[in-house]
Amino acid sequence: MKTDDFNFDLPERLVAQYPVQERGTSRLFVLNRSTGQYEHSMTAELARFIEPGTVMVFNDTKVRKARLFGTAIETGAVVEFLLLEPVIDSTGKVDAALILGLNEQERQEGEAQTSGTEAGGSRLWRVMTSKVKRQRKGRRYAFPEGMQGVIAEELGEERVVEFSEPVTEAYLERNGHIPLPPYIKRNDEADDAQRYQTVYARNTGSAACPTAGLHFTPGLLDSLRERGIELRWVTLHVGLGTFLPVRSETVENHIMHEEWYHVPQETAEAVKKAKAEGRKVLSVGTTSLRTLEAASQAGELKAGSGS
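Residues numbered from 1 in each chain as written. Predicted model: local features only at pLDDT ≥ 70, side-chain atom pairs only at ≥ 80, totals over all residues. Heavy atoms only, no water.

Trainee: Tell me about the pattern of salt bridges, and please be specific about residues and values.
Mentor: The full count for this structure, using the stated rule, is 26 salt bridges. Among the ionic pairs, Glu80 bridges to Arg67, the shortest N-O distance being 2.8 Å. Pair noted here: Glu80 is in strand S6 (residues 78–86) and Arg67 is in strand S5 (residues 67–72), with a separation of 13 residues, a long-range link. We note a salt bridge from Glu154 to Arg159, for which the minimum N-O separation is 3.7 Å. Judged by its relative accessible area of 29%, Glu154 falls in the partly exposed class. Connected through salt bridges with shared partners, the residues Glu230, Arg232, Lys273, Glu277 and Arg279 form a single ionic network. (Salt bridge = Lys/Arg side-chain N within 4 Å of Asp/Glu carboxyl O. Helix = DSSP H or I, 4+ residues; strand = E, 2+ residues; numbered from the N terminus. Buried < 20%, exposed > 50% of the residue type's maximum accessible area, 1.4 Å probe, protein only.)

So this is what it looks like as structure tokens:
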């Protein structure tokens, strides 16, 4: 299947550069697939379109301030770094010698133990950079608060940076920037730290927000519960694949990148029970959907972590 078959024109004037003033007041287009009839509504009215008894599955990942700006020590050029995840070994410890040496099982076991959010931080991070071809192994950078970093490895379009001190969530909160999507043509602002998170975000680790969830408010979640809709949670840390365009001529040749996920036991049981009783399971956004797909074996959702 040709990648070009999916191209279409989207006028820039139709791409909102700021969210609506009040969360949850976006418009909602509703299509009845059986009759072809449609109506225009608002996201605040979502509950009336969903059958009671439905299990809705949300992604509770939280976006970290993953964008850092560094200055190349040799040239003085300012370079943007997008921190994707810490580099870890099969015991959950950072180990530069194993950057390229992990087999798939070892890497997944390490990710399951840390999920990229260990409080002590990490000195080694997988990153994306601006002007990536210029960022070569051995190049050094200065970051805020006296932090320095050096490119330790080149991994295709990624780099591995070794920092002089562990980069913690607290450090990123002070010095990082929210990584807005590439179709937002502006710098991040103070309000984005709150608006570019879902109201139920709690597990830090994403380099991008699961955007379908941005429309939900505490009031909307309450209205879903009141209608007899069951709310359940998974965690998928959105990573590199969100930012990379499909460059291959055919869709089948595009290399998909992996993302860490976790399915709680109570979510797996709720989905299994709903399916057994003929009730619907509704994924909120593509990240929740691909988590359920990846964690399913022989048609049954399994609790646990993976990628």
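Trainee: Give a detailed account of the side chain of Thr217, specifying residues and quantitative values.
Mentor: Along the chain, Thr217 falls in the loop between strand S11 (203–206) and helix H4 (218–226). A distance of 3.0 Å separates the side chain of Thr217 from the backbone nitrogen of Leu220, its partner in a polar contact. Non-local contacts of Thr217, meaning those with residues more than four positions away in its chain, are made with Arg23, Gly24 and Val199. (Polar contact = N/O pair within 3.5 Å; in protein donor to acceptor, adjacent residues only side chain to side chain. Contact = heavy atoms within 4.5 Å.)

Trainee: Got a sec to walk through the pairing of S6? Specific residues and values, please.
Mentor: Pairing between S5 and S6: five bridges, direction antiparallel. Among the inter-strand pairings, Gly70 is bridged to a residue of S6, identified as Val79. Counted between consecutive antiparallel strands, the loop separating S5 from S6 contains five residues, among which Gly76 sits at a positive phi close to 85 degrees. Pairing of S6 with strand S7 (residues 122–129) involves five bridges; the strand directions are antiparallel. Looking across to S7, one finds that Pro86 is bridged to Trp125. (Pairing = 2+ DSSP bridges.)

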